Number of protein chains: 2
Amino acid sequence: MERIFTKDLKNKIGEKVLLKGHLHKVRDLGGLCFGVLRDKDGIVQITTEDKNSVLLKLKRESVIEVTGEVKICEKAPNGIEVYLDSATCLVEVKEDLPFEIDKPEINANLDTVLNFRSISLRNLRNRSIFKIQAVLLKAFRDYFVKNDFVEINTSKLSGHATEGGTTVFKVEYFDRFAYLAQSPQFYKQMMVGVFERVFETNFVYRAEEHNTSRHLNEYMSLDVEMGYIQSATDIMKLEEGFLKHAIEMLKNECTEDFERLKIDFAIIPDSGIPIIRFDEAQKILDEKYGQHCYGDPDFEPEHEKLLGKYAKEELGSDFIFISNYPTVKRPMYTMIDPDNKEFTFGFDLLFKGLEITSGAQREHRYEELVNNMKNKGLNPDDFEDYLNQFKYGLPPHGGFAIGLERLTAQLLNISNVRETTLLPRDLDRLTP
Amino acid sequence: MERIFTKDLKNKIGEKVLLKGHLHKVRDLGGLCFGVLRDKDGIVQITTEDKNSVLLKLKRESVIEVTGEVKICEKAPNGIEVYLDSATCLVEVKEDLPFEIDKPEINANLDTVLNFRSISLRNLRNRSIFKIQAVLLKAFRDYFVKNDFVEINTSKLSGHATEGGTTVFKVEYFDRFAYLAQSPQFYKQMMVGVFERVFETNFVYRAEEHNTSRHLNEYMSLDVEMGYIQSATDIMKLEEGFLKHAIEMLKNECTEDFERLKIDFAIIPDSGIPIIRFDEAQKILDEKYGQHCYGDPDFEPEHEKLLGKYAKEELGSDFIFISNYPTVKRPMYTMIDPDNKEFTFGFDLLFKGLEITSGAQREHRYEELVNNMKNKGLNPDDFEDYLNQFKYGLPPHGGFAIGLERLTAQLLNISNVRETTLLPRDLDRLTP
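Residues numbered from 1 in each chain as written. Chains lettered and ligands numbered in written order. Predicted model: local features only at pLDDT ≥ 70, side-chain atom pairs only at ≥ 80, totals over all residues. Heavy atoms only, no water.

### Thoughts on helix H9 (residues 366-375) of chain A
Residues and elements named next belong to chain A. Applied cut-off: For every residue, the accessible area (1.4 Å probe, protein chains only) is compared with the maximum for its type, and the residue is labelled buried under 20%, exposed over 50%, or partly exposed between those bounds. Elements are defined by DSSP. Helices are runs of H or I of four residues or more, strands are runs of E of two residues or more, and each kind is numbered from the N terminus. The arc in question is traced by the directions running from the helix axis to the C-beta atoms. The contact rule is simple, with two residues in contact once any of their heavy atoms fall within 4.5 Å.
Turning to H9, its buried residues are Leu369, Val370, Asn372 and Met373. In an axial view of H9, the angular spread of the buried residues amounts to 155 degrees, which keeps them on one side of the axis. Set apart from the buried face of H9 by more than 90 degrees, the exposed residues are Lys374 and Asn375. In this fold, the buried residues of H9 make contact with helix H10 (384-391). Taken from the residues just after H9, Gly377 is the one with a positive phi, measuring 75 degrees.

### Thoughts on the interface of chain B and chain A
Note on interface size: it is often stated as the accessible area lost on association of the parts. Under the convention used in this document: The term buried area denotes the loss of accessible surface (1.4 Å probe radius) that occurs when two parts are joined, taken as the sum for both partners. Here a salt bridge means any side-chain nitrogen of Lys or Arg lying within 4 Å of a carboxyl oxygen belonging to Asp or Glu. Between N or O atoms, a polar contact is any pair within 3.5 Å; within protein, one atom must be a potential hydrogen donor and the other a potential acceptor, and residues adjacent in sequence are included only when both atoms are from side chains. Here the term charged refers only to Asp, Glu, Lys and Arg, the term nonpolar to Ala, Val, Leu, Ile, Met, Phe, Trp, Tyr, Cys and Pro, and the term polar to all other amino acids, Gly among them. A pair of strands is considered paired only if DSSP assigns at least 2 bridges between the two.
The interface is formed by 94 residues belonging to chain B together with 94 residues belonging to chain A. Of the roughly 8200 Å² buried at the junction of chain B and chain A (both faces included), carbon and sulfur atoms supply 61%. The largest per-residue losses of area from chain B upon contact with chain A belong to Phe174, Tyr392 and Leu430 of chain B, which jointly make up 10% of the total buried on that side. Here Glu196 of chain A makes a salt bridge to Arg3 of chain B, at a shortest N to O gap of 3.0 Å. Scanning the region where chain B abuts chain A turns up 42 residue pairs in polar contact (both at pLDDT 80 or more). Looking at which element gives the most residues to the side of chain B that touches chain A, the answer is helix H3 (residues 124-146) of chain B, with 8 residues. A breakdown of the residues in the side of chain B that touches chain A according to their chemical character gives 41 nonpolar, 18 polar and 35 charged. The pairing of strand E8 (residues 170-173) of chain A with strand E8 (residues 170-173) of chain B spans 3 bridges and is antiparallel. Bridge pairing links Glu172 of chain A to Lys170 of chain B in E8 of chain B.

### Details of the relation of the copies chain B and chain A
As a reminder of what qualifies: When the copies are superposed, the least-squares fit draws on C-alpha atoms of residues that have pLDDT of at least 70 in both.
Each copy of the sequence occupies a distinct position, and chain B is placed on chain A by a rotation of 180 degrees and an axial shift of 0.0 Å, giving an RMSD of 0.0 Å. Taken together, the turn and the small shift mark the pair as related by a two-fold rotation axis. Residue Val171 of chain B of chain B places its C-alpha closer to the rotation axis than any other residue of that unit, at 2.2 Å. A high fraction, 100%, of the interface residues of chain B reappear at the interface in chain A, so the copies pair face to face through one surface.

### Section: the pattern of salt bridges
As enumerated under the stated definition, the model contains 72 salt bridges over all chains in all. A salt bridge links Glu100 of chain B to Lys103 of chain B, with the nearest nitrogen and oxygen atoms 2.8 Å apart. Judged by relative accessible area, Glu100 of chain B falls into the partly exposed class, the value being 43%. Shared partners join several salt bridges into a network, and the residues in it are Lys25, Arg60, Glu100, Asp102 and Lys103 of chain A.

### Here we look at helix H8 (residues 301-315) of chain A
Residues and elements named next belong to chain A. The condition is simple: Given the number of residues in a helix, its expected span is that number minus one, multiplied by 1.5 Å.
Taking 1.5 Å per residue as the helical rise, H8 with its 15 residues ought to reach 21 Å, and the 20 Å between its terminal C-alpha atoms agrees with that figure. Burial in H8 covers these residues: His303, Glu304, Leu306, Leu307, Gly308, Tyr310 and Ala311. Considering only its buried residues, H8 is in contact with helix H7 (278-289), strand E13 (319-323), strand E14 (346-351) and strand E15 (354-361). After H8 finishes, the residue Gly316 shows a positive phi value of roughly 65 degrees.

### Regarding the packing of aromatic side chains
Residues and elements named next belong to chain A. To keep things clear, this is the line we draw: Centre distance within 6.5 Å is the pairing criterion for rings of Phe, Tyr and Trp, where only the six-membered ring of Trp is used; planes under 30 degrees apart are then read as stacked, over 60 as edge-to-face, and the remainder as tilted. Both a distance and an angle decide whether a charge sits over a ring: NZ of Lys or CZ of Arg must be within 6 Å of the ring centre and within 35 degrees of the ring normal.
Counted by the stated rule, this structure contains 44 aromatic pairs over all chains. Taken together, a centroid distance of 6.2 Å and an interplanar angle of 65 degrees make the contact between Phe186 and Phe383 edge-to-face. Residue Phe186 is located in helix H4 (residues 185-195), and its partner Phe383 is located in the loop between H9 and H10; the two are separated by 197 residues in the primary sequence. You'll find Phe186 and Phe383 in the same group, each marked buried. Following the ring pairs from residue to residue traces out a cluster consisting of Phe140, Tyr143, Phe144, Phe149, Phe199, Phe242 and Phe400. Its end group placed over the ring of Phe343, Arg277 keeps NZ or CZ at 5.9 Å from the ring centre.

### Some words on the side chain of Gln189 of chain B
Of note, Gln189 of chain B is situated in helix H4 (residues 185-195). In this structure Gln189 of chain B touches Glu225, Tyr333, Arg362, Tyr386, Gln389, Phe390, Leu394 and His397 of chain B, once residues within four positions along its chain are discounted.

### Remarks on the sheet that holds strand E14 (residues 346-351) of chain B
All names here are of chain B. Spatially, E6-E10-E11-E16-E15-E14-E13-E12 is the arrangement adopted by the 8 strands of the open sheet, whose pairing is mixed. Two strands bound the open sheet, and with one partner strand each, they are strand E6 (150-151) and strand E12 (275-277). For strand E15 (residues 354-361) and strand E16 (residues 397-403), the ladder comprises 5 bridges, and the chain directions are antiparallel. From the neighbouring strand, Thr357 faces E16, where its bridge partner is Ile402.

### Here's the deal with unusual backbone geometry
Residues and elements named next belong to chain A. In this structure, Pro432 follows Thr431 across a cis peptide bond, with omega equal to -10 degrees. Here Pro432 lies in the segment after helix H11 (404-411). Although it is not a glycine, Asn78 sits at a positive phi angle of roughly 65 degrees. Along the chain, Asn78 falls in the loop between strand E4 (63-72) and strand E5 (80-91). The class of Asn78 is exposed, set by a relative accessible area of 64%.

### Considering the domain arrangement of chain A
Under the convention used in this document: Where each domain begins and ends is defined by an automated method or by a domain database.
One can read the domain layout of chain A as domain 1 (6-91) and domain 2 (124-420). For domain 1 of chain A versus domain 2 of chain A, the separation of C-alpha centres amounts to 46 Å.

### Description of the pairing of E13 of chain A
Residue and element names in this part refer to chain A. Where burial is concerned, most of E13 is hidden: 5 out of the 5 residues are buried. By the alternation rule, side chains of E13 split into Phe319, Phe321 and Ser323 and Ile320 and Ile322, which are all buried. Pairing of E13 with E14, which is carried by 4 bridges, proceeds in the antiparallel orientation. For Ile320, the partnering residue across the bridge sits in E14 and is Leu350.

### Observations regarding the environment of Arg260 of chain A
Residues and elements named next belong to chain A. In this structure, Arg260 sits in helix H6 (residues 255-261). On the accessibility criterion, Arg260 (30% relative accessible area) is partly exposed. Between the C-alpha atoms of Arg260 and Leu124, which are 136 residues apart in sequence, the distance is 8.2 Å. The contacts of Arg260, once residues within four sequence positions are left out, are Leu124, Arg125 and Ser128.

### Quick notes on the packing of helix H7 (residues 278-289) of chain B against helix H8 (residues 301-315) of chain B
All names here are of chain B. For clarity, the threshold we go by: Throughout, an axis means a line fitted to C-alpha atoms (over the contacting stretch in the case of helices), and angles, computed between N-to-C directions, take values from 0 to 180 degrees. Between 65 and 115 degrees an angle is taken as roughly perpendicular, under 35 as roughly parallel, over 145 as roughly antiparallel, and anywhere else as oblique.
Running from N to C, H7 and H8 point in directions that differ by 80 degrees, and their axes come no closer than 11 Å. Judged by the angle between their axes, H7 and H8 are roughly perpendicular. Contacts between H7 and H8 involve Ala281, Ile284, Leu285, Lys288 and Tyr289 from the first element and His303, Leu306, Leu307, Lys309, Tyr310 and Glu314 from the second.

### Brief notes about the environment of Glu419 of chain B
Mapping Glu419 of chain B onto the fold places it in the segment after helix H11 (404-411). Between the C-alpha atom of Glu419 of chain B and that of Glu405 of chain B, which follows or precedes it by 14 residues, the distance is 8.7 Å.

### Details of the sheet that holds strand E7 (residues 157-158) of chain A
What links the strands of a sheet is backbone hydrogen bonding, and the strands pair in either a parallel or an antiparallel sense. As summarised here, the arrangement of the 6 strands in space is E7(A)-E9(A)-E8(A)-E8(B)-E9(B)-E7(B), forming an open sheet in which the pairing is antiparallel. At either margin of the open sheet sits one strand with a lone partner, and together these are E7 of chain A together with strand E7 (157-158) of chain B. Judged from the 2 bridges that link them, E7 of chain A and strand E9 (residues 176-180) of chain A form a sheet pairing that is antiparallel. Looking across to E9 of chain A, one finds that Ser158 of chain A is bridged to Tyr179 of chain A.

In C-alpha cells, the structure reads:
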C-alpha cells in the first residue's frame, strides 16, 4: 500500500490507508485507545480496541506506520479517525520529552523552548509560524520576479567594515580580518547599474550589544533596489504592492495556520497605505497624544506605537509610512531634499506600531554623494569601491529592506522576535 | 509619454516611444550617428542624423533618455532601430571605462574583471550568466515547494565548530568565539522531525587554504533533506527531478541568454541519470581508461573527468551518479551499508565530469550514530545538541546539497567558478 498524508484523508472515507508519522499523543481509556499521528501536513486520530496495541507501549514522538480504515468521527480533530488494522514502530523513542508539545501552547519559558528547538518546533502552533514565514518569503520573491526584478546574492564577507564601525562582527580570514555584512546596501545599489531592478533574501549581521525583544544579531533581510524612479513614493508604492500580494497569498495558502494562531490578516485600506511626513507625525504626536518631540531626529519606540495606534484608529490601516526623515539620522547614501536640507527622501514603514522597514531614494550623483560623506564626517577615501561605481553612471534609484522575522512577528502579534526565528542568535545564544 | 523597455519594441513598429538606459556604445559615421541603448532587458540601436546630438558628446555608460520612432532596420541588432526625435542625458559619465564592455567577451584578465565588478557585470554575456543563475535558484525553490518541501533558514553562526576542525572561519562574537557554518547539515536533519521535507538556499563558508578554479570560500548551497525515504535512490531520483525541471525552466525563460553564450542545454537521457556504484566506477576506470585506483577511498579530479566522459559517450548523459562511496571518506552521519560495512549509502553527482553534489541516506538511529562517531575517532559529547534530536525520533531520511556557482559554471561550460559568482571570496579576494 502506498503512504498517504493526513491532508488527503477527507477524500478517503471508507477506504483502507497507510500512514506514517510521529505518535503525537496517546490516551488509554481502558477498552479503547486513542492515539494521534502527526505527519508533515497535520494530525489525525488513530483508534484501536486492541489492548495489546504497540501504541500503548510507545513513548510520544516515536515514529510509527499504521494501516486502517478512514471513518467519520465527529469528536475527532477534523472530524476523521483511522480505525487501526495494524501499527508498527519504525523508530522508538526511549526518553520523555522535556515538555509537552501536543497542547496549543508549550508550557515552558522561552529559553527552554529555544534550548530544545528540535522538539519545540514540532508543536503545531510553532510549526505554523514557520510555514507562514516560508510563504511570506515566497510571496516576496514571486512578487519581485513578476515585476522583472532579478535575484542577486551578494557576499556577506567584506574586507572593509563598510557602513558602521562598532556594530560589525570581525572574522579571522586567513592572515587578515573580514567583516560580516550589516546589509547588502552598497552591492544592491551597484547591481542597479546592471539589472536596474534587483532583490536579495539573505542573512545579515549586527553586533548590537543589547538584548531586546525586537533585535537579533543575525536576521533575514529582504532587500529591494530599483532604478529609474521618480521619487521615494515609487518605492513606497512598490512595497505596498508586495505587502498586498503577501497578504493575499497568506489568505490562500495559510488559512489553517492563521486559524490555529487565532490571528486576523493584516489590513491595508483600499486607498493604500497612508504616508505622512516625519514632521507631520511629530505634530500628530503632540496634538493628539501630548507627546512633545519636535526637534527630535527620530522616534522613540513609544512614539512608533502611538503612530501605529493612530494609523489603525484614524486611518483604518495596520501599516503607515513615515516619510522625509531628518538628514541627521539617515545614512550618507540617502538623497537630501534640495528644498529643505534638514530632511531626506528616506522613510520608515511602521507595522502595528513597530518599524519593519527603512527605505529611501538614494543619492546617485557622484559629487553630491561625496559631499554627503564629508558633511557626515566620513572620509570618501574609505569608500573607494562604493564611490567608483557612481563614476560610471547609476540612474536615479531607491529601495528598502524588511526584516523577515520582525514582519512575521508583527503579522502574528508575537511580542518576541526570537519566537519567529528558527535558530535565534543574540548576546547570550549561539546554540543549538 | 510612458517609458517602455527594449523587449517590448517589436510590438511598437511605427510608433513613437520613450526609452531610458545606459549609452552602451556610440559610433559617429560623419552624417549618421549610431548609438546603442541598454536597459534591463536588452539593447537597441538608436539612430540620428543630427550632428549636434548630445549622443556624440557623451561617454559610454552615461544614463540617457531618448524619444523616437521605432523602425525596422535589418542591419541593427534584433532588426529594430529607434530613429531619434530627442536625446537627454540624465546622468553624465566623465571617466573612460577600465575596459570595453560592449564586445561579446571582455578583453581583460579575470582579476581586472573582478576588481571592476560593477562595470564587468554590465557586459551582456556576464549579465546573462547571472540571469541564468537567478532562474536556476527559482527553479530549485519552485520544484521543492511543489513537492511539499518547506523552506528553512538556519543560522550561519554557531557556538561550535561543528563538522570539521580546520576549515572553519572564526568570528569574534562579543566576549567569545562563533564559527561560520560550513553547511546546514545538522539543522536540516533536525527539521526533518518538524516538516519531514525541507530545503534551504543560503551562503556557507569553507576556510580552505587553496585557490583553485572550482573552490570558493563562500558559496550558495542548495540544500534538501527528506524524511520517510526507502533508500538513497529516492534522493537521487528527487535530485534528478529537480534537474529536469530546471533545464525545462531554462529552456522556457533563458533561450536568449543561452544563445548569447552559445551553449547547448544539458542532457538527461529518457531513462534518467545513470547510477553506478563506486566500485563499479573504479572497474570502468581500470578497464576502459587504464586508471588503476582500486582501494582508493575517493576519486581524483582526473578520474571524475573520465567518468564524465564515460557518461556522455557511453550513456548519453551529462550527469552521472556515483553511489556507495567508501565509509572511510564519508562523514559519520552517512548510513553504512549493513551488508558491506566498507561502503555507505552516500553518493556524488558528477556533471560534465565535476562533482556538484554530495548526498546520502543518513543514519537516523541514535545508537548507530554514536557508534559511527566513535569509529571515526570523534567524541559523542562534542555533538550533544545534534545527538539529542535523535533521542526524540527522526524517521529514516536523506538529502543532498548542490553548489549553485558550480552548477552554473558546468551548465555554461565556464572553467572558473569565480566567473559564475557575483562577488567571489577566496584566499586573496575580499573586495569589492
